[in-house]
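# Fold and contact review
One letter stands for each residue in the lines below.
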Amino acid sequence: MILLSLVLFHGVQGQEVAGRWSGSLDAGGMKLRLVFNLEKGEGGYTATMDSPDQGALGIEVPQVAVAGSEVTLAIPAMGLEYKAALKGKEMEGTFKQGPVTLPLKLTRTEGKSPLVLRPQEPQPPYPYEIREVTFINRHDSIQLTGTLTLPEGEGPFPAVILISGSGPQNRDEEIFGHRPFWVIADHLTRKGIAVLRYDDRGTAASRGNFNTATTLDFGRDAEHAFRFLKTRPDIDPQHIGLLGHSEGGIIASMIAAHYEEVGFMVLLAGTGIRGDSLLLLQQETMMRTMGVDQATITRSHGINKGAFDLINVFGGTDQLKQKLILYLQGVYGGMSEKEKQGLSQEVFIGRTLNQIMNPWMEFFVRFSPCPDLTGIKCPVLALNGSNDVQVPAGVNLNAIRTCLEKGGNRAVTTREYPGLNHLFQECKTGLPSEYGEISQTISPAVLEDISSWILDRVK
């Protein structure tokens, strides 16, 4: 993420907060290490965050506040906040990111984070022009900021808009220490294709509120990115395409279904089934890959399906919260002491509601991309990896093709790459815990297939 580097602070009273603080989040049975590095300088305290298991190091923490024994560390662009009580060599508190709330204990440790190699990250000099640009979502009165890369030579150029997946993403879709959109933009622009990539609303340099937005809101942002490119004399208005990753594929489909002027569309790990079905399939695939027994998978599937069914019926109404509370009371009553993990019923219900009762989740659970896909007439390239545990390839590629062909679109190419994960990295298991450990950002074969397919469409 591109984050602000200045921090706010208040002086520590009696305890020293500077140092390296490490701990582990228990996220659904997966352990995720986090490290906060706090330093004291002439202007006060600054901080960075590392996520070693995801290969994300040196993430700047824009907000640091220390009042007595209370410590608050926040990264607004990631929707992340950690509030804790300082107790000697430990901090104990609550970690929040978006709708997720988890307990987190940190311990003062020694050492430094390892160096993470990202050999595909573009390096200067660049054989193309790089411009910082802004455009306005006039429907919501939001200014969005991004980067436009223009090939050498005389335009107008064919162009692609990159649309990120779920979660607050900057223009590079920076995640796990990788910058896949930067790598894609560099590759395509070297091939003669202009590329626009931009920060999500409320993230990095873009304005607006990410936390209250749904997929439909992000769709309006991308729609105005498309309108913006159409006004530029250096861009060929007949050859502007969309490339969406994961949820970005849903957004690309929304636009392509309503704008006949969209020249082509590329879906990277795009979804073809309704949100609740995707989330249940995702959970089942990840648990099975992790070696979880079938009885646990079946029980977890049933519990989550029950909650999603309530969202499908009561979503958008005042009744939803009460229906979910009653349902979760029943779930809690049927849990073993081990499953409760020491949580009271009140805490269990509160945390679960935080995760599933928010505008984005309610919309996503109920939304099916198929109606938009059936209205798309432009050429479509849909790619996925066989080891994708977040958007399993077979089900989603088949659904995408079926929906497109149902609407009469025969200009459809789908491809499943053996051994690639959700980020199109060559991998072993496909689990998110591998993403940061892999030095490759995106398979070169995928990059070449994308660029050659686009160039064939814009001749």
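Given the structure is predicted, the values throughout are model-derived calculations rather than measurements.

### Some details on the nonpolar core
Of all hydrophobic cores here, the largest spans 44 residues; its most connected members are I161, I163, L196, L229, L242 and M265. Ranked by residue count, the leading element in this core is helix 2 (residues 215-230), at six residues. Among all residues touching I161, those that are not within four sequence positions of it are L196, Y198, A225, F226, L229, I240, G241, L242 and L243.

### Focus on the state of the cysteines
Using the criterion set out here, one finds one disulfide in the structure. In this model, C370 is linked to C403 through a disulfide, with the two sulfur atoms separated by 2.1 Å. Its S-S torsion of approximately -110 degrees makes the covalent link between C370 and C403 left-handed. Highlighted residues: C370 in helix 10 (residues 370-374) and C403 in helix 11 (residues 393-406), separated in sequence by 33 residues. By the burial criterion, C370 is buried, and C403 matches it. There is no disulfide at C378, and the cysteine sulfur nearest it, in C403, is 15 Å away. On the basis of relative accessibility, which here comes to 8%, the residue C378 falls in the buried class.

### A word on unusual backbone geometry
The residue after P124, namely P125, is reached through a cis peptide bond having omega 0 degrees. Tracing the backbone through its elements, the reader meets P125 in the loop between strand 9 (100-109) and strand 10 (128-137). G155 connects to P156 through a cis peptide bond whose omega is 0 degrees. Mapped onto the fold, P156 is located in the loop between strand 11 (142-151) and strand 12 (157-163).

### Brief notes about the sheet that holds strand 13 (residues 194-198)
Across the sheet, which stays open at both edges, the eight strands sit in the order 10-11-13-12-14-15-16-17 with mixed pairing between neighbours. The open sheet is flanked by strand 10 and strand 17 (412-417), the only strands paired with a single partner. For this sheet the average axis-to-axis angle between neighbouring strands, irrespective of direction, equals 20 degrees. Direction of pairing for strand 16 (residues 380-385) relative to strand 17: parallel, over a ladder of six bridges. Note that in strand 17 the partner of L381 across the bridge is T413. Contacting strand 15 (264-268), strand 16 and strand 17, helix 11 runs over the sheet at an angle of about 175 degrees to strand 17.

### Digging into the confidence of the model for the protein
Taken over all residues, the pLDDT of the protein has a mean of 89, while the share at 70 or more is 93%. The model gives residues 1-14 a pLDDT under 50, and that stretch makes 42 contacts with residues more than four places away or in other chains.

### Notes on the packing of helix 1 (residues 180-190) against helix 13 (residues 444-457)
Helix 13 packs onto helix 1 with a crossing angle of 45 degrees between their chain directions and a minimal axis gap of 10 Å. Comparing the axis directions of helix 1 and helix 13 gives the class oblique. Here the hand of the crossing between helix 1 and helix 13 comes out right-handed. In this structure, helix 1 uses V183, I184, H187 and L188 to contact helix 13, whose residues at the interface are L447, E448, I450, S451 and I454. Taken together, the residues that form the contact of helix 1 with helix 13 break down as six nonpolar, two polar and one charged.

### Observations concerning the packing of helix 4 (residues 275-289) against helix 9 (residues 359-366)
The geometry of helix 4 relative to helix 9 is characterised by a closest axis approach of 5 Å and an angle of 95 degrees between their N-to-C directions. Relative to helix 9, the element helix 4 is oriented roughly perpendicular. Mapping the contact onto sequence places G275, D276, L278 and L279 in helix 4 and M361, F364 and V365 in helix 9. Of the residues in the contact of helix 4 with helix 9, the class split is five nonpolar, one polar and one charged.

### Here we look at the packing of aromatic side chains
A complete count under the given rule lists 11 aromatic pairs for this structure. Each ring, one from F226 and one from Y259, has its centre 5.5 Å from the other, and the planes form 65 degrees; the classification is edge-to-face. With a gap of 33 residues between them, F226 in helix 2 and Y259 in the loop between helix 3 (247-258) and strand 15 connect regions that are remote in the sequence. For the pair formed by F226 and Y259, the shared burial category is buried. Considering the side-chain rings of F363 and F367, the 5.2 Å spacing of their centres and the 20 degrees angle between planes classify their relative orientation as stacked. An aromatic cluster is defined as three or more aromatic residues linked by ring pairs; in this entry it consists of Y126, Y128 and W182.

### Some words on helix 6 (residues 319-333)
Compared with the 21 Å implied by 1.5 Å per residue over 15 residues, the 22 Å span of helix 6 between its first and last C-alpha is a close match. Of the positions making up helix 6, those classed as buried are L320, L324, I325, L328, V331 and Y332. Each buried residue of helix 6 lies within a common arc of 130 degrees when the element is viewed along its axis, so the set occupies one face. Residues L326 and G333 are exposed on helix 6 and point more than 90 degrees away from its buried face. Contacts from the buried residues of helix 6 go to helix 5 (294-314), helix 7 (337-340), helix 8 (345-356) and helix 9.

Reading the values: rules and limits
- Residues numbered from 1 in each chain as written.
- Predicted model: local features only at pLDDT ≥ 70, side-chain atom pairs only at ≥ 80, totals over all residues.
- Heavy atoms only, no water.
- Core = buried A, V, L, I, M, F, W, Y, C linked by side-chain atoms within 4.5 Å.
- Buried < 20%, exposed > 50% of the residue type's maximum accessible area, 1.4 Å probe, protein only.
- Helix = DSSP H or I, 4+ residues; strand = E, 2+ residues; numbered from the N terminus.
- Contact = heavy atoms within 4.5 Å.
- Disulfide = S-S within 2.5 Å.
- Pairing = 2+ DSSP bridges.
- Axes fitted to C-alpha atoms, helices over the stretch in contact; angles between N-to-C directions.
- pLDDT = per-residue confidence, 0-100.
- Parallel < 35°, antiparallel > 145°, perpendicular 65-115°, else oblique.
- Left-handed = near helix turned anticlockwise from the far one by under 90°.
- Nonpolar A, V, L, I, M, F, W, Y, C, P; charged D, E, K, R; others polar.
- Phe/Tyr/Trp six-rings, centres within 6.5 Å; stacked < 30°, edge-to-face > 60°.
- Expected span 1.5 Å × (residues − 1).
- Arc of directions from axis to C-beta.

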